[in-house]
Amino acid sequence: MIVATLSGPGVRLRGLAPRDVDDLVAGYADPVLQRFMPPLPVPFTHAQAREYVRDVAPGMFADGGGLWAIADPLTDRLLGGIGLDKVVPHRGQCEVGYWVGPWARGRGVAVAAVRTLTEHAFHTGMARIELLTHRENAPSQRVALAAGFRPEGVRRGVLPNRDGGRDDLLAYARLAGDEPGPTERLLPDLPGGELTDGVVTVRPLTSDDADFYAELHHLPEVVATAVPPTAPTAEDVTRRCAWAAAHWLAGERADMVITDATTGRNAGEIGLYYQEPRTGQAMIGYSMLRGWRGRGYATRATQLVSLWAFAETGVARLIAGALPANLASQRVLEKAGFKREAYLRSRLPGSDGRRSDDVQYALLAEDLLADVVRLDG
């Protein structure tokens, strides 16, 4: 079977060949690939790779899809693989899936390959292409967005896993009529990966922060301010940290860790929750470990995140709330420039079936500008 060769920026898509076997085995041995690909034989042997090249890959074309090698256009070395599957001809719909070897990551290979193959599919009659990925697989979500795919929700239990269960996957899709270029993000990355004023640094929450997150969110006074006021389970903690990047990329929330700029030690957390993109309103919340309270770190972090939100996102209004008895949190907000706006009765679920009042604060971009002008004057 003759496979069409497709060219894109920095990549060439061609048929798999016997010369790719060694790189195919090396790529499928990668733990990251094994975690997120459909269950693969472990180990994936050279004999299986040869069978894959000889029989499996051509068979995908016979089913209406296709499987291409992602090759370096200069050396022809295998960089990864990409394919079209789950073809529904009468709907003009299919799925795109890909992998990139560890030796080729960080070069834009996946984005270039996905763009090249999706454009080819549209030109040959497809109207809708889906890309499914695990919540924990933030790099794949970045590829989807960069290739112009839009998030559409969650496919529950769509993929069998090695443990006998089924995994949920995030669904992205691109239509033939969509505007070219990457999908716009509501919450961009922090500039340089962090925010700092030289005293505190704010960085994204990651899966490596699970122990810190569990310690912080099991403090009784922190639990009391949670909504609802219950301590997270170990599963909750793991999921919250592992899914933080996915929530950020989806534009839903930006979960961050507050650290001491000098030592790098974790001091607390702060989050921006984009509740109302249509109205440009988001909410800020924060918590500190006991040993770091009273040093102004929460105020500094709140100011850093507020400045970033107003400068880099569509947020025009930030809100925050505090329990009436939580005077320390109210002082943080006032020092950060927030203005008290309301006292909302029985707004939040409390303990033992009761409800708690909430003191509401808000900050506008012009409030920060006024503070800057006042300080300069």
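For the structure, see preceding data.
Presented here is an overview of the structure given in this document.

Definitions and limits used
- Residues numbered from 1 in each chain as written.
- Predicted model: local features only at pLDDT ≥ 70, side-chain atom pairs only at ≥ 80, totals over all residues.
- Heavy atoms only, no water.
- Phe/Tyr/Trp six-rings, centres within 6.5 Å; stacked < 30°, edge-to-face > 60°.
- Helix = DSSP H or I, 4+ residues; strand = E, 2+ residues; numbered from the N terminus.
- Buried < 20%, exposed > 50% of the residue type's maximum accessible area, 1.4 Å probe, protein only.
- Lys NZ or Arg CZ within 6 Å of the ring centre and 35° of its normal.
- Pairing = 2+ DSSP bridges.
- Contact = heavy atoms within 4.5 Å.
- Axes fitted to C-alpha atoms, helices over the stretch in contact; angles between N-to-C directions.
- Core = buried A, V, L, I, M, F, W, Y, C linked by side-chain atoms within 4.5 Å.
- 1 Å grid on protein atoms, 1.4 Å probe; cavity = no way out; pocket = protein on both sides within 12 Å on 5 of 7 lines; lining within 4 Å.
- Points joined across faces, edges and corners; volume = space filled by probe spheres on them.
- Nonpolar A, V, L, I, M, F, W, Y, C, P; charged D, E, K, R; others polar.

What follows concerns the packing of aromatic side chains. Following the criterion strictly, the structure yields 7 aromatic pairs and no others. Seen from their ring centres, Y28 and Y52 are 6.0 Å apart, and the 75 degrees between their planes marks the pair as edge-to-face. Note that Y28 is positioned in helix α1 (residues 21-28) and Y52 in helix α3 (residues 46-62), a separation of 24 residues in sequence. Taking relative accessible area as the criterion, Y52 reaches 18% and is therefore assigned buried. When the ring of F44 is compared with that of Y52, the centres are 6.4 Å apart and the planes differ by 85 degrees; the resulting orientation is edge-to-face. Accessibility assignment for this pair places F44 and Y52 in one class, buried. Above the plane of the ring of W243 lies R135, whose end atom (NZ or CZ) is 4.0 Å from the centre.

As a further point, take the sheet that holds strand β13 (residues 281-288). Working definition: the strands of a sheet are paired by backbone hydrogen bonds and lie parallel or antiparallel to each other. On the basis of which strands lie adjacent, the open sheet formed by 8 strands has the order β9-β10-β11-β12-β13-β14-β16-β15 and mixed pairing. Bordering the open sheet on either side are β9 (195-196) and β15 (339-349), each of which pairs with just one other strand. Contacts between helix α11 (residues 327-335) and the sheet are confined to β13, β14 (317-322), β15 and β16 (355-364), with β16 contributing the most and set at about 15 degrees to the helix.

With that settled, the discussion passes to the nonpolar core. Soluble, globular proteins show a tendency: their nonpolar side chains are buried together. Of all hydrophobic cores here, the largest spans 49 residues; its most connected members are M256, I270, L272, V305, W308, L318 and F338. Of the residues forming this core, the biggest block, 8 residues, is contributed by helix α10 (residues 297-312). Apart from residues no more than four positions distant in its own chain, F338 is found in contact with I284, T302, S306, L318, I319, A320, L333, Y361, A362 and L363. L13, W68, I70 and V100 belong to the second-largest nonpolar core, a separate cluster that totals 36 residues.

To continue, consider empty space enclosed by the protein. One pass over the structure, following the stated rule, counts 1 cavity of 30 Å³ or more. For the largest cavity, the calculated volume is near 40 Å³. Secondary structure elements with two or more residues in the lining of the largest cavity: α1, β3 (66-71) and β4 (78-88). Of the residues that constitute the lining of the largest cavity, the class distribution is 7 nonpolar, 2 polar and no charged.

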